[in-house]
Amino acid sequence: MHKKLFIPGPIEVAPEILQAMATPMIGHRMPEYARLHQGVTTKLKRLMFTEDRVFLSTSSAFGAMEGAVRNLVGKRCANFCNGAFSDKWHNVTLACGKEADAFKVPWGEPITPELVESALSTGKYDAITLIHNETSTGVMSPLPEIAQVLKKYPDVVSIVDTVSSMSALKIPVAELGIDCCVFGVQKAFALPPGLAVFTASQKALDRAKTVPGRGYYFDFLEFAAADEKDNTPSTPSISLIYALDCQLDRMFAEGLERRWSRHRELAAFVRGWVAEHGFGFLPAEPYRSLTLTCATNTREVDLALLKKRLGERGYAFDDGYGKLKGKTFRVAHMGDMQLEDLKGITSEMEAILKEM
Ligand SMILES: *Cc1c(COP(=O)(O)O)cnc(C)c1O
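A quick note: this is a predicted structure, and the numbers were derived from the prediction, not measured.

### Some thoughts on helix H8 (residues 202–210)
Taken together, the buried positions of H8 are Ala204, Leu205, Arg207 and Ala208. For H8, the buried positions fall inside an angular range of 160° around the axis, keeping them on one side. The exposed set on the far side of H8, more than 90 degrees from its buried face, consists of Lys209 and Thr210.

Dropping the structure here:
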């Protein structure tokens, strides 16, 4: 039995997308690929509100996240950490041999503009990493306010992960001044895993030119040179790029405004359910994610058992990430999910909770 995915990634994939992946194969040095590549990157620029270069990386998100620090950190990096993925990004930065400091806040809290200001005002850093939507804790940090701070530091290259937020709300990459915006496609984009997208501003490309040891597979300058010919440095996952093309068309067919408002409605529904059923929230109200809700297990129910029972009924459920396992549970409301889907899992949860 296929369990319907309500975990925060990978997300349920639409049948139409799976169909697109079955498109007969083409060679990546054939004109057919160049047309596909050009179409996809043009649509991505429109979705992300930027004219910067957009690159396709055949890797999970962390491939491009590692590539970004390898290419863009010259002097020293400030890694802002408020959960499992951002903590790991700091370790990845160090593993790439970079000088870096972690600015940590407790799990469940956002990265604030004040914290970014206090780090950058030291003058020690020429790059930062930040996760817009920390999927481990369901926290969305205030990107527009943080972007205002970044504008005061034009020599700092900003690397922002939008893995679980891109397309669910407006993230105007150029207006925010994000130099490198990175996401994998298996979360907010609801595609099968294996592909990541990243942008690079002129400032980012200029920085990369000055940074040694960029390696080959994620060398931004290799990506830029290949992109001139609507191509990638090495063989891309063409089937996933067909899927991405199909998904971008579906997004524009839905309408971006409508997609954003659907996500607001889904978030409101899940938050309402959580509050009504006597659970709490890990993040404070203004920082609750629009794409997943991280509830605290204030009723002290046996989450492992709830997960098991939901599994028997055909639902994949997440009972907390890492050190939050058992203490929190997360319900994803990203990708192509509709209100009906969430009503499905929440009514099953209600029935199971009554029996427990
Ligand atoms: C899932 C996730 C990642 C890691 O992605 P991989 O595709 O597994 O490398 C990174 N950042 C965020 C915010 C995520 O949710």
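Still to come is the rest of the account.
### Some thoughts on the side chain of serine 201
Tracing the backbone shows serine 201 in the loop between strand E10 (196–200) and H8. On the basis of relative accessibility, which here comes to 7%, the residue serine 201 falls in the buried class. Setting aside chain neighbours within four positions, we find serine 201 in contact with Asp52 and Asp179.

### Structural notes on the sheet that holds strand E8 (residues 157–161)
Neighbouring strands of a sheet are bound in pairs by backbone hydrogen bonds; such pairs are parallel or else antiparallel. Here we have 7 strands laid out as an open sheet, ordered E2-E10-E9-E8-E5-E3-E4, and mixed in their pairing. Of all strands in the sheet, those bounded by a partner on one side alone are strand E2 (53–57) and strand E4 (100–104). The mean inter-strand angle of the sheet, taken between neighbouring strand axes irrespective of direction, is 20°. Of the pairings in the sheet, the one linking E8 to strand E9 (residues 180–184) comprises 3 bridges and is parallel in character. Across the sheet, the residue bridging to valine 160 is cysteine 181, located in E9. Helix H3 (residues 61–72) contacts E2, strand E5 (127–131), E8, E9 and E10 of the sheet and is inclined by roughly 160° relative to E9. Contacts from H8 reach E2, E5, E8 and E10 within the one sheet, and its direction differs from that of E10 by about 90°.

### Quick word on the environment of alanine 204
Among the structural elements, alanine 204 can be located in helix H8. Taking the relative accessible area as the measure of exposure, alanine 204 reaches 0% and is therefore buried. Separated by 46 residues in the primary sequence, alanine 204 and serine 158 place their C-alpha atoms 8.5 Å from one another. Once residues within four sequence positions are removed from consideration, alanine 204 is found in contact with Leu72 and Asp179.

### Concerning the domain arrangement of the chain
How big an interface is tends to be stated in terms of the accessible area lost upon association of its parts. Along its sequence, the chain is carved into domain 1 (4–10 + 256–355) and domain 2 (15–252). Taking only C-alpha atoms into account, the centre of domain 1 sits 27 Å from that of domain 2. With 24 residues of domain 1 in contact, the opposing surface of domain 2 contributes 30 residues. Of the roughly 2300 Å² buried between domain 1 and domain 2 on both sides combined, carbon and sulfur atoms contribute 66%. When the area that domain 1 buries against domain 2 is broken down by residue, the three leading residues are Leu256, Trp260 and Tyr287, summing to 27%. Seen at the junction of domain 1 and domain 2, the total is 1 salt bridge. Linking aspartate 336 and arginine 250 is a salt bridge whose minimum nitrogen-to-oxygen distance equals 2.9 Å. For the pair domain 1 and domain 2, the interface holds 10 residue pairs in polar contact (both at pLDDT 80 or more). Listing elements by their share of the side of domain 1 that touches domain 2, those giving two or more residues are helix H11 (256–276) and strand E12 (292–296).

What counts as what
Residues numbered from 1 in each chain as written. Predicted model: local features only at pLDDT ≥ 70, side-chain atom pairs only at ≥ 80, totals over all residues. Heavy atoms only, no water. Buried < 20%, exposed > 50% of the residue type's maximum accessible area, 1.4 Å probe, protein only. Helix = DSSP H or I, 4+ residues; strand = E, 2+ residues; numbered from the N terminus. Arc of directions from axis to C-beta. Contact = heavy atoms within 4.5 Å. Pairing = 2+ DSSP bridges. Axes fitted to C-alpha atoms, helices over the stretch in contact; angles between N-to-C directions. Domains from an automatic or database assignment. Buried area = accessible area lost by both parts, 1.4 Å probe. Salt bridge = Lys/Arg side-chain N within 4 Å of Asp/Glu carboxyl O. Polar contact = N/O pair within 3.5 Å; in protein donor to acceptor, adjacent residues only side chain to side chain.

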